[in-house]
Amino acid sequence: PTAVVMFLLGLFVYARNKESLSANLLFFMALFFSLWVAGDMVIWVSPDSRMVMFWWSLINLFEVIVSMSTLYFAYAFLEQKDASLRIKLFAIMLLLPFMALIPTEWNLSGFDTVSCEANQGSLINYFYFLEGLFSLSLVVYLVRKIAQAPKTHRKQTILFSLGVILFLLSFSGTNIVASMTDSWHILQYGLVGSPIFVAFLAF
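Residues numbered from 1 in each chain as written. Predicted model: local features only at pLDDT ≥ 70, side-chain atom pairs only at ≥ 80, totals over all residues. Heavy atoms only, no water.

Attention now goes to the pairing of strand E2 (residues 117-120). As paired strands, strand E1 (residues 108-112) and E2 are joined by four bridges and run antiparallel to one another. The residue bridging Phe111 from the neighbouring strand is Ala118, located in E2. Between E1 and E2, which pair antiparallel in sequence order, lie four residues; one of them, Cys116, sits at a positive phi of approximately 60°. (Pairing = 2+ DSSP bridges. Helix = DSSP H or I, 4+ residues; strand = E, 2+ residues; numbered from the N terminus.)

Right, here's the structure in full:
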């Protein structure tokens with residue numbers, strides 16, 4: 001249900017304003033969030049180790065794309081313009097090594113038949129780095145925008161920033177904590193919270 005709600009919210013905003021970069025980016029976020037949820041569901045319920053390995057190999061990529069597009073969305077919405085080519089190329093250069101190593105043992109080194117889980121390779125450390133970098137960049141950027149916002153737009157900037165930060169905390173934050181502590185039940189709170197905050201952003 002969270003994937004369906006998220007996708008429909010993104011699609012609704014996109015359909016109402018196809019020419020808006022912000023609307024396109026919100027839909028992009030919603031799409032990859034939905035793919036992440038679909039992949040996570042397969043990982044949890046599929047008895048086929050091949051399916052589990054395939055989706056597990058992609059799940060972190062989907063999460064990084066959600067984090068990166070959230071930062072891009074916030075910039076496009078608050079600045080009312082596209083990011084520079086230099087910034088976009090820098091983000092792509094960060095992402096390319098991660099994508100290139102996905103089908104290798106650096107990403108998944110094997111499959112544990114006892115626990116029915118994939119064994120994470122050392123690429124997980126680069127995943128943590130990317131998630132931390134995009135999240136920290138987003139928070140720093142939003143704090144600066146709040147401080148610089150004129151009084152006429154400060155309330156909107158504050159509310160928007162809170163919505164974006166809460167979305168990223170509920171989604172990426174719970175995922176990182178769960179993967180580092182093996183407390184996977186935490187994920188359910190992120191899944192419930194994410195559509196709520198995206199509905200707030202869509203409004």
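This is not the end of the story, as more comes after the structure.
Let us now look at the environment of Ala178. If you trace the backbone, Ala178 turns up in helix H6 (residues 151-181). Of the residues examined, Ala178 reaches a relative accessible area of 0% and is grouped as buried. For the pair Ala178 and Asp48, spaced 130 residues apart in sequence, the C-alpha to C-alpha distance is 23 Å. (Buried < 20%, exposed > 50% of the residue type's maximum accessible area, 1.4 Å probe, protein only.)

Before going further, it helps to spend a moment on unusual backbone geometry. Positive phi is not limited to glycine here, since Gln80 has a value of about 60°. Tracing the backbone through its elements, the reader meets Gln80 in the loop between helix H3 (49-79) and helix H4 (85-100). By relative accessible area, which is 63% here, Gln80 ends up exposed.

Take a nonpolar patch on the surface next. A cluster of nonpolar side chains, contributed by Leu85, Leu89, Ile92, Met93, Leu96 and Met99, occupies part of the molecular surface with about 600 Å² of accessible area. Here Leu85 lies in helix H4. The class of Leu85 is exposed, set by a relative accessible area of 59%. (Patch = residues over 30% accessible without salt bridge, like charges linked within 9 Å, V, L, I, M, F, W, Y side chains within 5 Å. Areas by Shrake-Rupley, 256 points an atom, 1.4 Å probe, with all protein chains shown as cover. Salt bridge = Lys/Arg side-chain N within 4 Å of Asp/Glu carboxyl O.)

The next point concerns the packing of helix H1 (residues 2-16) against helix H7 (residues 187-202). At a minimum axis distance of 9 Å, the contact between H1 and H7 shows a crossing angle of 15°. Our classification of the angle between H1 and H7 gives roughly parallel. Between H1 and H7 lies a crossing of left-handed hand. Facing Thr2, Val5, Met6, Leu9 and Val13 of H1, the residues of H7 in contact are Leu191, Val192, Ser194, Pro195, Val198, Ala199 and Ala202. (Axes fitted to C-alpha atoms, helices over the stretch in contact; angles between N-to-C directions. Parallel < 35°, antiparallel > 145°, perpendicular 65-115°, else oblique. Left-handed = near helix turned anticlockwise from the far one by under 90°. Contact = heavy atoms within 4.5 Å.)

Another point: the side chain of Thr2. For Thr2, the position within the fold is in helix H1. With near-sequence residues (within four places) excluded, Thr2 lies in contact with Phe33, Val37, Leu191, Val192 and Pro195.

Time to look at the environment of Trp106. Mapped onto the elements, Trp106 comes out in the loop between H4 and E1. The spacing of Trp106 and Ile124 is 18 residues in sequence and 8.4 Å in space, taken between C-alpha atoms. If we ignore the near neighbours within four places in the chain, the residues touching Trp106 are Leu101, Gly121, Ser122 and Leu123.

Turning our eyes to something else, we now look at the packing of aromatic side chains. Throughout the structure, instances matching the rule amount to 13 aromatic pairs. Judged by centre distance (5.8 Å) and plane angle (40°), the ring pair of Tyr75 and Tyr141 falls under tilted. Taken together, the residues Tyr75 in helix H3 and Tyr141 in helix H5 (residues 123-148) connect sequence positions 66 residues apart. When the ring of Tyr126 is compared with that of Phe129, the centres are 5.8 Å apart and the planes differ by 20°; the resulting orientation is stacked. With Tyr126 and Phe129 both in helix H5, this residue pair falls three residues apart, about one helical turn. Under the relative-accessibility criterion, Tyr126 is labelled partly exposed at 24%. An aromatic cluster of at least three residues, connected via ring pairs, comprises Phe28, Phe32, Phe54, Trp55 and Phe62. (Phe/Tyr/Trp six-rings, centres within 6.5 Å; stacked < 30°, edge-to-face > 60°.)

Another aspect to go through is H5. Count 3.6 residues to each turn of an α-helix, and residues three or four apart come out pointing the same way. Given a rise of 1.5 Å per residue, 26 residues ought to cover 38 Å, and the 38 Å separating the end C-alpha atoms of H5 matches this to within 8%. The set of residues buried in H5 consists of Leu123, Ile124, Phe127, Leu130, Glu131, Phe134, Ser135, Leu138, Tyr141, Leu142 and Lys145. For H5, the secondary structure elements touched by its buried residues are H3, H4, E2 and H6. (Expected span 1.5 Å × (residues − 1).)

This part takes up the layout of surface pockets. Its boundaries defined by the atoms lining it, the largest pocket holds a volume of some 660 Å³. Residue lining of the largest pocket: 24 residues in total, with Leu71, Tyr72, Tyr75, Ala83 and Ile87 positioned closest to the centre. Secondary-structure elements contributing two or more residues to the lining of the largest pocket are helix H2 (21-45), H3, H4 and H5. Examining the composition of the lining of the largest pocket, we find that eight residues originate from one element, H5, more than from any other. (1 Å grid on protein atoms, 1.4 Å probe; cavity = no way out; pocket = protein on both sides within 12 Å on 5 of 7 lines; lining within 4 Å. Points joined across faces, edges and corners; volume = space filled by probe spheres on them.)

Structural measurements only, silent on function.
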